[in-house]
Amino acid sequence: MASTLDVEAKYDLITRRLQEVLGGDSIKAILAEGRPPKAYWGTAPTGRPHIGYFVALTKIADFLRAGVEVKILLADVHAFLDNLKAPLELVAHRTKYYEFILRTVFTSLGIPTSKLIFVQGSDYQLTREYNLDNYRLCATVTEHDAKKAGAEVVKQVESPLISGLLYPGLQALDEQYLGVDFQFGGVDQRKIFTFAELYLPRLGYAKRAHLMNPMVPGLMGGKMSSSDPDSKIDFLDPPEAVKRKIKKAFCEEGNITENGLLAFTKAVLIPISQLRIERRRGETGVDSEEGQGAIGDQSPFVDDDAPEGTVFTIRREGKFGGPPSHYKDYQELEDDFSAKKVHPGDLKTAVNKAIDSLLAPIRTAFAESPEWQKIEKLAYPDPNAKTEPKKKKEKVYHPPPPGKGKNAQVTTASAESSEPPPPISENVQPGAAGEL
């Protein structure tokens, strides 16, 4: 049995910075038994992954520090079922692309991939046992509940396909077949999580806990989406694209409610900065491998001369200048921005610099991997690429055999025309025809 202090410390690490936790008591009970909790985080390989993924991937460092066994599900079957997102012929390539990008991002964050278990959904979702359970689920779930569960995740269209109704059930079954104690995902997954809590016990399976991270709004407000290029920054976007998108981002002075850059700073930049500061102090919990083999600059987003406890620094550039501002937590930054003590231009400059620092090692890894580059072209082919026109087959004349086709008609006609004229009767005199 683990000590109460140890249990609370690990539970606090597992749940810090989350927006919501369902079934937290079951996680505490597992920790109290002294065994490591098992969890999974899944993603469907559809559009190009964007920097919003940093929220979940950074949080996984906390799980490893608390001794959680983490599985990463590459949900290829889900990607195909999600209406209109990934054609079947591209799913296999995109699954490989996602694994490349996720492993690289984890390494750039100092998270040891040797402690992560990558699983491809089709490796077990096509088995007889899984499909029988899916049929059992289909015989239990109402159309209303299935549609409601996927409302925030499955693409909504006027005439939905049955595949979208299967999606929530499969995600619920994944908890059983991956053998986990809790599932981790964005708060947009909440309806699927409560669906799983309701229906898995009806199949005789245990109810799992569910942990949810906040969703990061897009750069222009609203949801950060792979289908809206201006709302997101891709992991492989070049520096000039990052600068252009941040420059266009909505960041009204004093506005803290519809500010994607502030939200990203809160959900990604400050947590990463805190992780790096804690790592420098040796505060990595049971994960002694954290930081080993990390690629890229692992410095926190603070000035070298910043006061102790600073997690984020904003420098003031341009003609107005002024001393830098150092923040010990996000709330201080939000208060200053709300009071108009931080100019949107200075916030944009700080965020741009931090994002470029995060993406630099990922871009480098991509540039040095011909295999990854090949997969990228197969996974996301250029829609404007000119395809070579198909060569027309050259017609080759094959004359028909003798007595067939047009030749046969010509031969018959010429044969008929070559017949001798009928003989002239002896009773008819030449030139007498028609005479009286």
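Here, the structure is the one placed above.
Note that this is a predicted model, so its numbers are computed, not measured.

Describing the overall build of the chain
Part 1: Within the chain, the regular secondary structure consists of 16 helices and 8 strands.
Part 2: Counting over 436 residues, the chain shows a buried share of 45%.
Part 3: Taking as baseline every contact in the chain between residues at least 6 positions apart, the subset at least 24 positions apart corresponds to 74%.
Part 4: If you sum the accessible surface of the chain, you get close to 23,500 Å²; carbon and sulfur atoms cover 53% of it.

Quick look at the pattern of salt bridges
Part 1: Using the criterion set out here, one finds 21 salt bridges in the structure.
Part 2: The shortest N-O distance in the salt bridge between Arg-315 and Asp-303 comes to 2.9 Å. In this pair, Arg-315 sits in the loop between strand 7 (312–314) and strand 8 (325–327) while Asp-303 sits in the loop between helix 12 (260–280) and strand 7, placing the two residues 12 residues apart along the sequence.
Part 3: Sharing partners across several salt bridges, the network here consists of Arg-16, Arg-17, Lys-59, Asp-62, Arg-65, Glu-278, Arg-279 and Glu-290.

Notes on the side chain of Gln-183
Part 1: Turning to its location among the elements, Gln-183 is positioned in strand 5 (residues 182–186).
Part 2: The buried category is assigned to Gln-183, whose relative accessible area is 4%.
Part 3: Residues within four places of Gln-183 in sequence aside, it is in contact with Tyr-40, Gln-171, Glu-175, Phe-193, Ala-209, His-210 and Leu-211.

Some words on the nonpolar core
Part 1: Among the nonpolar cores identified, the biggest contains 79 residues, and Phe-54, Ile-60 and Phe-182 are the most heavily contacted of them.
Part 2: If one sorts the elements of this core by residue count, helix 12 sits on top with 10 residues.
Part 3: Not counting residues within four places of it along the chain, the set of residues in contact with Ile-60 comprises Trp-41, Val-70, Ile-72, Phe-106, Leu-116 and Phe-184.
Part 4: Core analysis: the second largest hydrophobic core is formed by 28 residues, Tyr-130, Val-154, Tyr-167 and Tyr-199 among them.

What about unusual backbone geometry?
Part 1: Not every positive phi belongs to a glycine, and Arg-17 is a case in point at roughly 65°.
Part 2: Topologically, Arg-17 is positioned in the loop between helix 1 (4–15) and strand 1 (20–22).
Part 3: Backbone geometry places Lys-340, a non-glycine residue, at a positive phi of 65°.
Part 4: Structurally, Lys-340 can be placed in the loop between helix 13 (330–338) and helix 14 (344–367).
Part 5: Lys-340 gets classed as exposed once you look at its relative accessible area, which sits at 51%.

Details of the sheet that holds strand 3 (residues 69–74)
Adjacent strands of a sheet pair through backbone hydrogen bonds, lying either parallel or antiparallel.
Part 1: The 6 strands are arranged 1-6-5-2-3-4 in an open sheet whose pairing can be described as mixed. Bordering the open sheet on either side are strand 1 and strand 4 (116–120), each of which pairs with just one other strand. Looking at each pair of strands side by side, their axes are set apart by 25° on average, direction ignored.
Part 2: Direction of pairing for strand 2 (residues 38–43) relative to strand 5: parallel, over a ladder of 3 bridges. In the strand pairing of strand 5, Ala-39 is matched with Phe-182.
Part 3: Contacts from helix 2 (residues 24–33) reach strand 1, strand 5 and strand 6 (209–213), with the element oriented near 110° to strand 6.

What to know about the layout of surface pockets
Part 1: By volume, the second largest pocket amounts to about 630 Å³.
Part 2: Lining of the second largest pocket is provided by 26 residues; of these, Pro-300, Phe-301, Val-302, Asp-303 and Asp-304 occupy positions nearest its centre.
Part 3: Of all the secondary-structure elements, those providing two or more residues to the lining of the second largest pocket are helix 12, strand 7 and helix 14.
Part 4: When grouped by side-chain class, the residues that make up the lining of the second largest pocket number 10 nonpolar, 6 polar and 10 charged.

How each quantity is defined
Residues numbered from 1 in each chain as written. Predicted model: local features only at pLDDT ≥ 70, side-chain atom pairs only at ≥ 80, totals over all residues. Heavy atoms only, no water. Helix = DSSP H or I, 4+ residues; strand = E, 2+ residues; numbered from the N terminus. Buried < 20%, exposed > 50% of the residue type's maximum accessible area, 1.4 Å probe, protein only. Contact = heavy atoms within 4.5 Å. Areas by Shrake-Rupley, 256 points an atom, 1.4 Å probe, with all protein chains shown as cover. Salt bridge = Lys/Arg side-chain N within 4 Å of Asp/Glu carboxyl O. Core = buried A, V, L, I, M, F, W, Y, C linked by side-chain atoms within 4.5 Å. Pairing = 2+ DSSP bridges. Axes fitted to C-alpha atoms, helices over the stretch in contact; angles between N-to-C directions. 1 Å grid on protein atoms, 1.4 Å probe; cavity = no way out; pocket = protein on both sides within 12 Å on 5 of 7 lines; lining within 4 Å. Points joined across faces, edges and corners; volume = space filled by probe spheres on them. Nonpolar A, V, L, I, M, F, W, Y, C, P; charged D, E, K, R; others polar.

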